[in-house]
Amino acid sequence: MTQQSAPPAEDRTRLPRGLARELFTVKWDPLPKMSRPRWLAWLPHVVLSYVAIPCGVLTGMQLNDHYKVYGGAVLGLSLLTSASVVLSMFRPIAAWWLGLVTTALIAWVLHDHVGHGQSWPWTPAGPFTLAPVILMVALRVPPRVTVSVIGITLALNGLADITLRPPQSQTIIGGVALLFGFVGILGYALRATRLARTKLVEQETLTEEERARRTLLEERSRIARELHDVVAHHMSVISIQAQVAPHLVENPSEELKENLAGIRENALEALTELRRVLGVLRSERPDDPATRQHPQPTLAELDGLVDNVRGAGLNVTTEIAGIRRPLTPGVELTAYRIVQEALSNALRHAPGSRVEVGIAYGPRDLHLCVANTAPTRSAPPSPGAGHGLLGMRERAGMLGGELAAGPRPDGGYEVSAVLPLDPQELSAGPDPETKRAT
C-alpha cells in the first residue's frame, strides 16, 4: 500500500517545483516570427518595439503631470518600463519580473506624492504598460504559468493596498484584474492557435510521408505480383521440359532420369511456394476477376498502349532506335510500366500537350524517354495520390537502373530511365573472382 501511494505524492510535489522553476527563469525564449506572409515575418517585433516607446513616455508624463515627481528617477523608471517591454520579446519571464520591480519602484517613488482620489500603487497608465509584457508571457508559456504570473501580480497589488496604500489614494485593482485577465486569455488563445497550426503542419507532413510510404509498399506488392507471374511461367516451362526430356533421348540412363526428375520436382516445389506467396500478395478481393493471373505486358504491346492514349485525346509520337529485340521478362515489364505511368501522368496533368516516347536499345542498357510539351488547357483535379514517380523509381531501382524526372524549360515535363539489359550480371558485380566462385 505504501509503495503504491508514493508516486502520487511525488507527482504532487513535482508540480510546484516545476512551476517554481518556470517562474524563476531567465531562459532565452524569442518571440516566434510570423510564418505567413513571409515579408511580414518580423512585424510583431517591430510593433512591440514601437509599443515600448509610448509605454516609457506615458510613465514619465504621468509621474510629472499627475504626481509632480521630477528628477533623474523619472527618466530611469521610464527607461525601465520600455526595457521590460523590449525584453519580453526574448525573455518573457525575466521581463515580467523587471516590470514588477519597476512597478514597485514607481509605487515607492510616488507614495508621498499621491493626491486625493489618485490611484496607487499604479499610475493610471501603469497597468497598460505592463499588459504587453503579460501578453508576451501568455503567448510563450503554458497556461498554468500565465495564471501564476497574473495571480502573483494581483496578489502583490492587493498586499500593497492593504498594508501600504496612502489613505487619500484610490485602488484600481478591479480594473487591473479585468485588464490582465483579458490579456491572459488573449495570449492563451493566440498561443493555442499557433500550437494547433504547428501540430497541423507536422501532421500533414507525417501524413504525406505515410502516404508516400504506403504507395511505395503498394507498388512493391504490385511488382512482386507481376514478377510472380513471369517467374511462374518460366518454372512451368522448366517442369514440362524436365518431364518430356527423357522421352526425347534414346535409352536414357538412370542417372539422367533421376536428375531430370529432381529438376521437375524442384520446379514443382518452387511453383507451389510461388502460389502460396501469391495468395498473400493478391488483393483483398481474391475472387475479383481483375486479380486473376494473366500474361504480363511487354514492349511488344507498346503500339496498343500508345493507340489507347491517342484515343483519349493525347497527341503521341514514338521513336525507336537500335535493334529491337526481346529482353528479359523483368526488363520488358518494367519498361512497359514506366512508359505506361509516364503517359498516364501526361494524360492527367498535361491535357492537349504533344508527347514523344523514345526507346533506344543499347548493347547493355535500354534507354527510355517520355517527354511532353506544356499543356494547352488546365488540367482537371486528379484523384490520384500523386506518387507515380515513386513506383517508377522503385521499378528502375529494382533492376539496378536509374530514373530521372522533372520539368522542361518549355513548360513541359520529361521522364527518362536507363535499365540494364542483364540485371543478373549487374548484381553479380564485375569481380572475376566472384564470377568464378558462382
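No experiment lies behind these values; they were computed from the predicted model shown.

(A) Summary view of the packing of helix α3 (residues 72-87) against helix α5 (residues 126-140). Across the interface, α3 lies against α5 with an axial gap of 8 Å and an inter-helix angle of 20°. On the basis of their axis angle, the class for α3 and α5 is roughly parallel. As α3 runs across α5, the sense of the crossing is left-handed. Each of Thr81, Ser84 and Val85 in α3 lies in contact with α5, whose residues at this interface are Thr129, Pro132 and Val133.

(B) Local environment of the environment of Glu22. Note that Glu22 resides in helix α1 (residues 2-23). In this structure Glu22 comes out as partly exposed when scored by relative accessible area, which is 24%. Setting aside residues up to four positions removed in sequence, Glu22 forms contacts with Ile93, Pro142, Arg144 and Val145. At 3.2 Å, the side chain of Glu22 forms a polar contact with the side chain of Arg144.

(C) Expanded view of the nonpolar core. With 31 residues, the main nonpolar core has Val316, Ile338, Val339, Leu343, Val355, Leu366 and Leu368 as its most contacted residues. Of all elements in the fold, only α9 (302-311), α10 (329-349), β2 (354-361), β3 (365-372), α11 (388-398) and β5 (413-420) reach the threshold of two or more residues within this core. Excluding residues that lie within four positions of it along the chain, Leu343 makes contacts with Leu305, Val309, Leu314, Val316, Val355, Val357 and Val370. Core analysis: the second largest hydrophobic core is formed by 28 residues, Ala131, Met136, Val137 and Val149 among them.

(D) Structural view of the packing of aromatic side chains. All chains considered together, the criterion is met by four aromatic pairs. An angle of 75° between the planes, with centres 5.9 Å apart, marks the rings of Trp122 and Phe180 as edge-to-face. Here Trp122, found in the loop between α4 (92-109) and α5, pairs with Phe180, found in helix α7 (residues 173-244); they are 58 residues apart in sequence, far enough to count as distant. Accessibility assignment for this pair places Trp122 and Phe180 in one class, buried. In this structure an aromatic cluster arises from ring pairing among Phe24, Trp96 and Trp97.

Cut-offs used in this document
Residues numbered from 1 in each chain as written. Predicted model: local features only at pLDDT ≥ 70, side-chain atom pairs only at ≥ 80, totals over all residues. Heavy atoms only, no water. Axes fitted to C-alpha atoms, helices over the stretch in contact; angles between N-to-C directions. Helix = DSSP H or I, 4+ residues; strand = E, 2+ residues; numbered from the N terminus. Parallel < 35°, antiparallel > 145°, perpendicular 65-115°, else oblique. Left-handed = near helix turned anticlockwise from the far one by under 90°. Contact = heavy atoms within 4.5 Å. Buried < 20%, exposed > 50% of the residue type's maximum accessible area, 1.4 Å probe, protein only. Polar contact = N/O pair within 3.5 Å; in protein donor to acceptor, adjacent residues only side chain to side chain. Core = buried A, V, L, I, M, F, W, Y, C linked by side-chain atoms within 4.5 Å. Phe/Tyr/Trp six-rings, centres within 6.5 Å; stacked < 30°, edge-to-face > 60°.

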